[in-house]
Amino acid sequence: MCSRDIWFTNVNCHMFAECMCKLIFLHKVHSRYPRAMRGPLRWVLWDVKDTLLRVRSSVGEQYCDEARRMGLSLTPTEVESAFRQAYRHYSSQFPNYGIARGLDGKSWWKAVVKATFSQCRVQDPALLNTMALNLYQNFSNAENWEVFPDSKSALESCSSLGLQLGVVSNFDNRLEAILGACGLLSHFNFLVTSEAAGVEKPHAAIFEQALRKCAVPPTSIAHVGDHYVNDYLASRSAGIHGILLDRSNNSGRHDVPKEHWLSSLDELPARLKQHMDECS
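Here the structure is a predicted model, which means the values were calculated and not measured.

Chemist: Lay out the nonpolar core in plain terms, naming residues and giving numbers.
Modeler: With 55 residues, the main nonpolar core has Trp46, Tyr63, Phe117, Phe188 and Leu272 as its most contacted residues. For Leu272, the contacting residues outside a window of four places in its chain are Leu41, Val44, Cys158, Leu161, Leu163, Ala222 and Ile243. Within the second largest apolar cluster, 15 residues are counted, among which are Leu45, Val199, Leu211 and Ile221.

Here it is as structure tokens:
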């Protein structure tokens, strides 16, 4: 095994161990408090990526499109592989966009893009910088994002129930522009991104920031997201009514009660109304 393979193996082991520690801690909290105390529902908090929208095509394809515009010939497969390695490295060494190390979302993503293309034999510093800046800006546009078919109707239905909506997302500061371009921004009273918060899910501090904005007890808040640890367990550990969205319908998690689980956002309004009726 070469030194680079050993380095990536160590990085992967470190990330796996860190993830498992988070999972074990949050699972203990979830087991101790299996059901949040019921209260009158006032707010619904939302995760964004893979809950309300997703990247329209693979990162490898989108990066290759930019490379072609610069006169380069690369394959989506090699670019995707290089991106995954670069992303793992920077996520491990500089978590949450490197905020604690003096970076920000823009510089973090530009570094990831440069590292990706450098692994694909692109060495011109000026060219790397141009592609990194272009891609950072391109991902603020609606063309690179696909809103799930059930997202807008679910948001509208929540508002019709008299609920206020906010966002808690592990995302950089482009999120407001992305939601605006995708026609979703007007549904939300506030956004809390991990870049702006300085901390990412599943850390309790990001939910505490959202709780202060809601100005109601956590038992009056629901949170909807697709990640078992970052969204479901983390929100419930804060006393919030966590709801897990599993679009693939194959989570197989026996520890998630059926009333906390959705396969589509079309199911959400009736679930929330039932909760509100039971608390009235």
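The discussion continues.
Chemist: So, unusual backbone geometry: which residues are in play, and what are the values?
Modeler: Where the residue is not glycine, phi is negative for most of them; where a peptide bond is considered, it is trans in most cases. With omega at 15°, the peptide bond leading from Lys201 into Pro202 counts as cis. Mapped onto the elements, Pro202 comes out in the loop between helix 8 (194-197) and helix 9 (204-214). With a phi close to 70°, Asp50 is a non-glycine residue in the positive phi region. Looking at the element boundaries, Asp50 is found in the loop between strand 1 (43-46) and strand 2 (53-55). Since its relative accessible area comes to 30%, Asp50 is described here as partly exposed. Phi at Asn96 takes a positive value of approximately 50°, unusual for a residue other than glycine. With respect to the helices and strands, the residue Asn96 is situated in the loop between helix 3 (76-93) and helix 4 (105-119).

Chemist: How would you explain the packing of aromatic side chains if you had to name every residue and give the values?
Modeler: Here a ring pair, both rings aromatic, is described through the centre-centre distance and the interplanar angle of the planes. Summed over the entire model, instances satisfying the criterion amount to 13 aromatic pairs. Here the aromatic rings of Trp43 and Phe190 are separated by 5.4 Å at their centres, their planes lie at 45°, and the arrangement is tilted. Placement of the pair is Trp43 in strand 1 and Phe190 in strand 5 (residues 190-193), with a sequence separation of 147 residues. For the pair Trp43 and Phe190, one class covers both residues: buried. Consider the rings of Trp145 and Phe171, whose centres lie 5.9 Å apart with planes at 45°: the pair is tilted. Of the two residues, Trp145 is situated in strand 3 (residues 145-147) and Phe171 in the loop between strand 4 (164-169) and helix 7 (175-181); the sequence distance between them amounts to 26 residues. The pair formed by Trp145 and Phe171 is uniform in burial state, with each residue classed as buried.

Chemist: Outline the packing of helix 2 (residues 59-69) against helix 3, listing residues and values.
Modeler: Contact pair helix 2 / helix 3: the axes reach a minimum separation of 8 Å and the direction vectors enclose 110°. Overall, the two elements helix 2 and helix 3 adopt an arrangement that is roughly perpendicular. The crossing of helix 2 and helix 3 is right-handed. Residue-level inspection shows Val59, Gly60, Glu61, Tyr63 and Cys64 of helix 2 in contact with helix 3, the latter providing Pro76, Val79, Glu80 and Phe83. Looking at side-chain class alone, the contact of helix 2 with helix 3 contains six nonpolar, one polar and two charged residues.

Chemist: Help me get a handle on the pattern of salt bridges, residues and values and all.
Modeler: Counting across every chain of the model gives 12 salt bridges. Among the ionic pairs, Arg121 bridges to Glu78, the shortest N-O distance being 3.2 Å. Of this pair, Arg121 sits in the loop between helix 4 and helix 5 (125-138) while Glu78 sits in helix 3; the two residues are 43 residues apart in sequence, bridging distant segments of the chain. The class for Arg121 is exposed, based on a relative accessible area of 57%.

Chemist: Explain the sheet that holds strand 6 (residues 221-225) to me, using residue names and the numbers behind them.
Modeler: Adjacent strands of a sheet form backbone hydrogen bonds with each other and so pair up, either parallel or antiparallel. Strands sit in the order 5-4-1-6-7-8 across an open sheet of six strands; the sheet is parallel. Edge positions in the sheet fall to strand 5 and strand 8 (261-262), since each of these pairs with one other strand and no more. Bridging between strand 6 and strand 7 (residues 241-245) involves four bridges; their strand directions are parallel. Counted as the bridge partner of Gly225 is Leu244 from strand 7. Of the strands in this sheet, strand 1 and strand 4 touch helix 6 (residues 151-160), which is tilted by about 160° from strand 1. Against the sheet, helix 10 (residues 228-237) touches strand 6 and strand 7, its axis set at about 160° to strand 7.

Cut-off values and rules
Residues numbered from 1 in each chain as written. Predicted model: local features only at pLDDT ≥ 70, side-chain atom pairs only at ≥ 80, totals over all residues. Heavy atoms only, no water. Core = buried A, V, L, I, M, F, W, Y, C linked by side-chain atoms within 4.5 Å. Buried < 20%, exposed > 50% of the residue type's maximum accessible area, 1.4 Å probe, protein only. Contact = heavy atoms within 4.5 Å. Helix = DSSP H or I, 4+ residues; strand = E, 2+ residues; numbered from the N terminus. Phe/Tyr/Trp six-rings, centres within 6.5 Å; stacked < 30°, edge-to-face > 60°. Axes fitted to C-alpha atoms, helices over the stretch in contact; angles between N-to-C directions. Parallel < 35°, antiparallel > 145°, perpendicular 65-115°, else oblique. Left-handed = near helix turned anticlockwise from the far one by under 90°. Nonpolar A, V, L, I, M, F, W, Y, C, P; charged D, E, K, R; others polar. Salt bridge = Lys/Arg side-chain N within 4 Å of Asp/Glu carboxyl O. Pairing = 2+ DSSP bridges.

Read these as layout, nothing more, since geometry by itself doesn't imply function.
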